Protein chains: 2
Amino acid sequence: MPNPQGPEMEVVHLLRAATVELALHSARFASRNGMHPTDVRALIALMDVSRAGEEMTAGRLGTALGLNSAGTTALVDRLERAGHVRRVRDPRDRRRVVIEVDERAVGLGWSSFGPLIQRTVELLQGYDEREVAAIRGFLAGVRDAAAAGG
Amino acid sequence: MPNPQGPEMEVVHLLRAATVELALHSARFASRNGMHPTDVRALIALMDVSRAGEEMTAGRLGTALGLNSAGTTALVDRLERAGHVRRVRDPRDRRRVVIEVDERAVGLGWSSFGPLIQRTVELLQGYDEREVAAIRGFLAGVRDAAAAGG
DNA sequence: CTTATTATCTCGTTAGGCGAGATACTCGGT
DNA sequence: ACCGAGTATCTCGCCTAACGAGATAATAAG
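Residues numbered from 1 in each chain as written. Chains lettered and ligands numbered in written order. Predicted model: local features only at pLDDT ≥ 70, side-chain atom pairs only at ≥ 80, totals over all residues. Heavy atoms only, no water.

Helix and strand counts for chain A stand at 6 helices and 2 strands. Taken from N to C terminus, the helices and strands of chain A fall in the order α-α-α-α-β-β-α-α. Taking 150 residues into account, the globule formula puts the C-alpha radius of gyration at 15 Å, and chain A, at 19 Å, lies well above it. Across its three principal axes, chain A shows a C-alpha extent of roughly 55 × 35 × 30 Å. Taking contacts inside chain A between residues at least 6 apart in sequence as the whole, the part at least 24 apart equals 46%. Per element, the accessible surface of chain A, about 8,100 Å² overall, is 53% carbon and sulfur. (Helix = DSSP H or I, 4+ residues; strand = E, 2+ residues; numbered from the N terminus. Rg over C-alpha atoms; globule rule 2.2 N^0.38 Å. Contact = heavy atoms within 4.5 Å. Areas by Shrake-Rupley, 256 points an atom, 1.4 Å probe, with all protein chains shown as cover.)

Structure representation (structure tokens):
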């Protein structure tokens, strides 16, 4: 296993640096609001699903975050205790617990991630179509490579 | 706090998807080798420093990972117990403990991250200079935006 | 040579997450 | 209508990563 040093390695390191900074951004948001990294991931997943107009159940949330049922219950307990979400029994299937995100929690999330997204969009607007296509293709490639890698 | 839906949002979601998959890749490597996410981060940091021909001390490692001294000691304990690193007292300043990475641990790291890096380099080779420059600029911009964001 | 600083480690505690199992509800077959 | 299988969530007990406070040891400054 050699030690690649070609010009492409700079991009590899940039990719890692960006990933690390994004993780730190989440971690800062978490500790500033008395939350844990997992809580933030949960909030993002909940906002995503809500944006898509779908419902998020406790079990689905746990699967998305890679938690078992006990951990999921503890997670939802924390979020509910902090007032970020509400548990609502699904009247159709009363085994299911639908997680509803509180509007203030959504606002909180946007206040931290909104500017970052805004800045990213601005960055993209500085590139022409072919350049944006390259960025999109590269990111999709990295995502697939990471997902595939045994 | 609106709900951006412009064409740039696809790239924002791709960026997040790539970040998530990269994190999952690390997590899989960790659990496959009986390690924890923090141990993997530590190994990467150690390999980086080693590649740069510098020394990594216990304290510096802890700072890099955002751990306090107690957590750092526990981390190095785990890595040493697993045979991934060795503690070596610095003869110049005998308070300092230099962490040396075992060659087998380096090989282990490369076996998991090497193919991913390889694939990323291949991806980049499919783009011309201007496209690679766009990818590089975009990643640097994202890194800076995440680092700056309060 | 005494005091401050730096580097690491020890001890006790906190809390996130796991495994196993309990509980509650739905659904298919008879 | 009933019984068992399957599904969704929760409770209990445990493990351990990481923290805070403080001990120990070595170097550096006055």
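Around DNA strand C there are 21 residues in total, and His36(A), Thr38(A), Gly59(B), Ser69(B) and Arg87(B) lie nearest to it. Sugar and phosphate atoms constitute 65% of the interface atoms of DNA strand C, taking the interface as everything within 4 Å of the protein. One nitrogen or oxygen atom from the main chain of Arg94(A) is found 3.3 Å from a phosphate oxygen belonging to DNA strand C. Here a phosphate oxygen of DNA strand C sits 2.8 Å away from a polar atom, N or O, in the main chain of Val97(B). Looking at side-chain class alone, the surface near DNA strand C contains 5 nonpolar, 8 polar and 8 charged residues. (Near = heavy atom within 4 Å. Polar contact = N/O pair within 3.5 Å; in protein donor to acceptor, adjacent residues only side chain to side chain. Nonpolar A, V, L, I, M, F, W, Y, C, P; charged D, E, K, R; others polar.)

Another point: the confidence of the model for chain A. Confidence in the prediction of chain A, expressed as mean pLDDT, is 92, and 96% of residues score 70 or more. Here helix α1 (residues 8-32) of chain A stands out as the least confident element of chain A, with mean pLDDT 92; helix α6 (residues 129-148) of chain A is the most confident, with 97. (pLDDT = per-residue confidence, 0-100.)

Between α1(A) and helix α6 (residues 129-148) of chain B, the shortest axis-to-axis distance is 8 Å and the interhelical angle comes to 25 degrees. Relative to α6(B), the element α1(A) is oriented roughly parallel. As α1(A) runs across α6(B), the sense of the crossing is left-handed. When α1(A) is examined against α6(B), the residues Glu10(A), Val11(A), Leu14(A), Leu15(A), Ala17(A), Ala18(A), Glu21(A), Leu22(A), His25(A) and Arg28(A) are found in contact with a partner set consisting of Val132(B), Ile135(B), Arg136(B), Leu139(B), Ala140(B), Val142(B), Arg143(B), Ala146(B) and Ala147(B). For the contact of α1(A) with α6(B), the residue count by class is 13 nonpolar, 1 polar and 5 charged. (Axes fitted to C-alpha atoms, helices over the stretch in contact; angles between N-to-C directions. Parallel < 35°, antiparallel > 145°, perpendicular 65-115°, else oblique. Left-handed = near helix turned anticlockwise from the far one by under 90°.)

So, on to the protein's contact with DNA strand D. Taken together, 21 residues lie around DNA strand D, and Gly59(A), Ser69(A), Arg87(A), His36(B) and Thr38(B) are the ones closest in. The side chain of Ser69(A) places a nitrogen or oxygen atom 2.4 Å from a base nitrogen of DNA strand D. Of all elements in the fold, only α3 (58-65) and α4 (69-81) of chain A together with α4 (69-81) of chain B reach the threshold of two or more residues within the surface near DNA strand D.

Quick look at the interface of chain B and chain A now. Contacts between chain B and chain A engage 54 residues on the former and 54 residues on the latter. Buried area between chain B and chain A, both sides added, is near 5,300 Å², and the carbon and sulfur share of it is 71%. Among the residues of chain B in contact with chain A, Arg130(B), Phe138(B) and Leu139(B) are the three that bury the most area, contributing 11% of the side total. Counting every contact that joins chain B to chain A gives 8 salt bridges. For Asp48(B), the salt bridge goes to Arg16(A), with nearest N and O atoms at 2.2 Å. Connecting chain B to chain A are 13 residue pairs in polar contact (both at pLDDT 80 or more). Among the elements of the structure, α1 (8-32), α2 (37-51), α5 (103-125) and α6 of chain B are those that each provide at least two residues to the side of chain B that touches chain A. For the side of chain B that touches chain A, the element with the highest residue contribution is α1(B), accounting for 17 residues. Along the lines of polarity and charge, the residues of the side of chain B that touches chain A split into 29 nonpolar, 11 polar and 14 charged. (Buried area = accessible area lost by both parts, 1.4 Å probe. Salt bridge = Lys/Arg side-chain N within 4 Å of Asp/Glu carboxyl O.)

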